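Geometric and topological summary
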Amino acid sequence: MTQLEQMRSALSRAGLGGAWISEPAHIRLLSGFTSGADAKLLLTPGGVTLYTDARYEVQAQEETRVPTFIARPPETLEHAAAQVAGLRIGFEAEHLTVAALDELREYWPGAALEPLGPVLRELRMVKTAVEIEAIRDAQTLADQVFAEVRPLIRAGVRELDIAIEIETRLRRAGATVAFDVIVASGPRGAMPHGVASARVIEDGELVTVDMGARLRGYHSDMTRTVAVGEPGEELRRVYRAVLEAEEAAVAAVRPGVRAADLDKLARDLLTGHGLGEAFAHSLGHGIGLNVHEGPGLRKVSEDVLQAGMVITIEPGAYLPGVGGVRIEDLVLVTDDGHEVLSHSEKERL
Ligand SMILES: CSCC[C@H](N)C(=O)N1CCC[C@H]1C(=O)O
């Protein structure tokens, strides 16, 4: 079943007549059209229509087989009004603005508008073979680039220069960065989202590099913490604790495992090393058309792992004024366990 067919079944199970899709990632998922920020997708029992404007006419012809209506709002909304009359139409409450919803109500007095609920989140969580291939290729590229850039991570180099090298090499290879490259050295390592700054790396520091590639619309995500020179015993101890938690959580990945239990496994190990408070975020997340998507690997998650999910496992420990460590792998849940998609070498400190 294609994702569009799966979506249709999900809509009928939810008792909805159709859906108005505005989130770019979902437009891409269901139609193949890659400029979803300037498009909408309407699903009704009568068919599917992609709405976009004249700037994308040729691109839409190339990218999608979905019938396309070229116009701008309000003409698009007037055209859709005839198709949605008398139907319950789902919308993405997490994406559609209040103003856009008011506009739909104004133009579609004959339709009942309702939040779609978790339909698309669930559909996205389990990847198709084509999606897995794109994520795998993105990670292969990220591994290659990390290996090329790894020798640059040394005393006297600015964090920014490492990030620029990573970005340039990904772009040359036909990808883009999945997110602003994180290069957090020394005390900046205490910032989980410490994007590269002008700080110059010093001898004896740990440097956290968190990077991803975006290829064919899909993302990869991996973190390595690298030692420059000989970091002190406290930093080494923290590194070893994070590595132990990371490897234990990865080893436990298989279908049927509760995401919350995986988070607990890593958290308990770090707590045993006195680093529970220092692990300031969740264990990981699903990844695909967005860097962060379901399943959520956190304390309160109700998600259960299924074969075909692609997730990150990324425990960390952050010590303000001292530094930090994060180690992250990209992991595919398989029928009988898991496959680690990220292959960059890890420090053994
Ligand atoms: C801004 S994208 C960050 C990518 C990173 N690998 C990541 O997902 N995280 C780093 C800290 C925890 C986790 C997060 O929840 O953002």
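Note that the structure is predicted; figures quoted are calculated from it, not measured. (Residues numbered from 1 in each chain as written. Predicted model: local features only at pLDDT ≥ 70, side-chain atom pairs only at ≥ 80, totals over all residues. Heavy atoms only, no water.)

**Concerning the overall build of the protein chain**
The number of helices and strands found in the protein chain is 10 helices and 19 strands. Relative to the compact-globule value of 20 Å for 349 residues, the protein chain shows a C-alpha radius of gyration of 23 Å, a close match. When its C-alpha atoms are laid out on the principal axes, the protein chain stretches across 70 × 40 × 35 Å. Taking all 349 residues of the protein chain together, the buried fraction comes to 54%. Sequence separation of 24 or more characterises 65% of the internal contacts of the protein chain that already satisfy a separation of 6 or more. In the protein chain, 36 positive and 52 negative side-chain charges are present, and the distance between their average locations comes to 1 Å. (Helix = DSSP H or I, 4+ residues; strand = E, 2+ residues; numbered from the N terminus. Rg over C-alpha atoms; globule rule 2.2 N^0.38 Å. Buried < 20%, exposed > 50% of the residue type's maximum accessible area, 1.4 Å probe, protein only. Contact = heavy atoms within 4.5 Å. Lys, Arg positive; Asp, Glu negative; His and termini not counted. Charge placed at Lys NZ, Arg CZ, Asp CG, Glu CD.)

**Brief notes about the site of the ligand**
Around the ligand lies a shell formed by Phe 179, His 193, Asp 210, Asp 221, His 281, His 285, His 292, Glu 314, Arg 326 and Glu 328. Here a nitrogen atom of the ligand and a side-chain polar atom of Asp 221 are 2.8 Å apart. His 292 places a side-chain nitrogen or oxygen 2.7 Å from an oxygen atom of the ligand. (Near = heavy atom within 4 Å. Polar contact = N/O pair within 3.5 Å; in protein donor to acceptor, adjacent residues only side chain to side chain.)

**Examining the UniProt feature "domain: Peptidase M24" (unreviewed entry) in the protein chain**
Taken from the UniProt record, the annotation "domain: Peptidase M24" (unreviewed entry) applies to residues 133-335. The span residues 133-335 carries 32% helix and 24% strand; its end-to-end C-alpha distance comes to 16 Å. (UniProt positions renumbered as here; feature names shortened; annotations may be inferred.)

**Some thoughts on the sheet that holds strand β3 (residues 47-52)**
Within a sheet, neighbouring strands are paired by backbone hydrogen bonds and run either parallel or antiparallel to one another. Taken in spatial order, the six strands of this open sheet run β4-β3-β2-β1-β5-β6, and their pairing is mixed. On the outer flanks of this sheet lie β4 (68-70) and β6 (112-115), each paired with one strand and no other. Neighbour-to-neighbour, the strand axes of this sheet turn through a mean angle of 25 degrees, independent of strand direction. For β3 and β4, the ladder comprises three bridges, and the chain directions are parallel. (Pairing = 2+ DSSP bridges. Axes fitted to C-alpha atoms, helices over the stretch in contact; angles between N-to-C directions.)

**Some points on the packing of helix α9 (residues 233-251) against helix α10 (residues 259-272)**
α10 packs onto α9 with a crossing angle of 155 degrees between their chain directions and a minimal axis gap of 9 Å. Of the possible angle classes, the one that applies to α9 and α10 is roughly antiparallel. The handedness of the crossing between α9 and α10 comes out as right-handed. Each of Ala 241, Val 242, Glu 244, Ala 245, Ala 248 and Ala 249 in α9 lies in contact with α10, whose residues at this interface are Leu 262, Leu 265, Ala 266, Leu 269 and Leu 270. Here the residues of the contact of α9 with α10 are counted per class, giving 10 nonpolar, no polar and one charged. (Parallel < 35°, antiparallel > 145°, perpendicular 65-115°, else oblique. Left-handed = near helix turned anticlockwise from the far one by under 90°. Nonpolar A, V, L, I, M, F, W, Y, C, P; charged D, E, K, R; others polar.)

**Notes on the UniProt feature "domain: Creatinase N-terminal" (unreviewed entry) in the protein chain**
UniProt records the feature "domain: Creatinase N-terminal" (unreviewed entry) for residues 4-126 in the present numbering. Across residues 4-126, the secondary structure splits into 42% helix and 22% strand, with the terminal C-alpha atoms separated by 14 Å.

**Re the nonpolar core**
Counting residues in each nonpolar core, the largest one holds 36 residues, and the members touching the most others are Met 7, Ile 21 and Leu 41. Beyond its immediate stretch of four places on either side in the chain, Ile 21 contacts Met 7, His 26, Ile 27, Leu 30, Lys 40, Leu 41, Leu 43, Glu 92, Leu 116 and Leu 120. One finds Tyr 239, Leu 283, Met 309 and Leu 349 within the second-largest nonpolar core, a separate group that totals 35 residues. (Core = buried A, V, L, I, M, F, W, Y, C linked by side-chain atoms within 4.5 Å.)

**A word on the pairing of strand β14 (residues 293-297)**
Counting buried positions over the five residues of β14 gives five, a clear majority of the element. The sheet contact formed by strand β13 (residues 284-286) and β14 spans three bridges and is antiparallel. If you follow His 285 over to β14, its bridge partner there is Gly 296. Counting the residues that bridge the hairpin from β13 to β14 gives six residues.

**Some details on the pattern of salt bridges**
In this structure the tally under the stated criterion is 30 salt bridges. The residue Arg 136 makes a salt bridge to Glu 133 at a minimum N-O spacing of 4.0 Å. With a gap of three residues between them, Arg 136 and Glu 133 both fall in helix α7 (residues 129-149), about one helical turn apart. Judged by its relative accessible area of 37%, Glu 133 is partly exposed. (Salt bridge = Lys/Arg side-chain N within 4 Å of Asp/Glu carboxyl O.)

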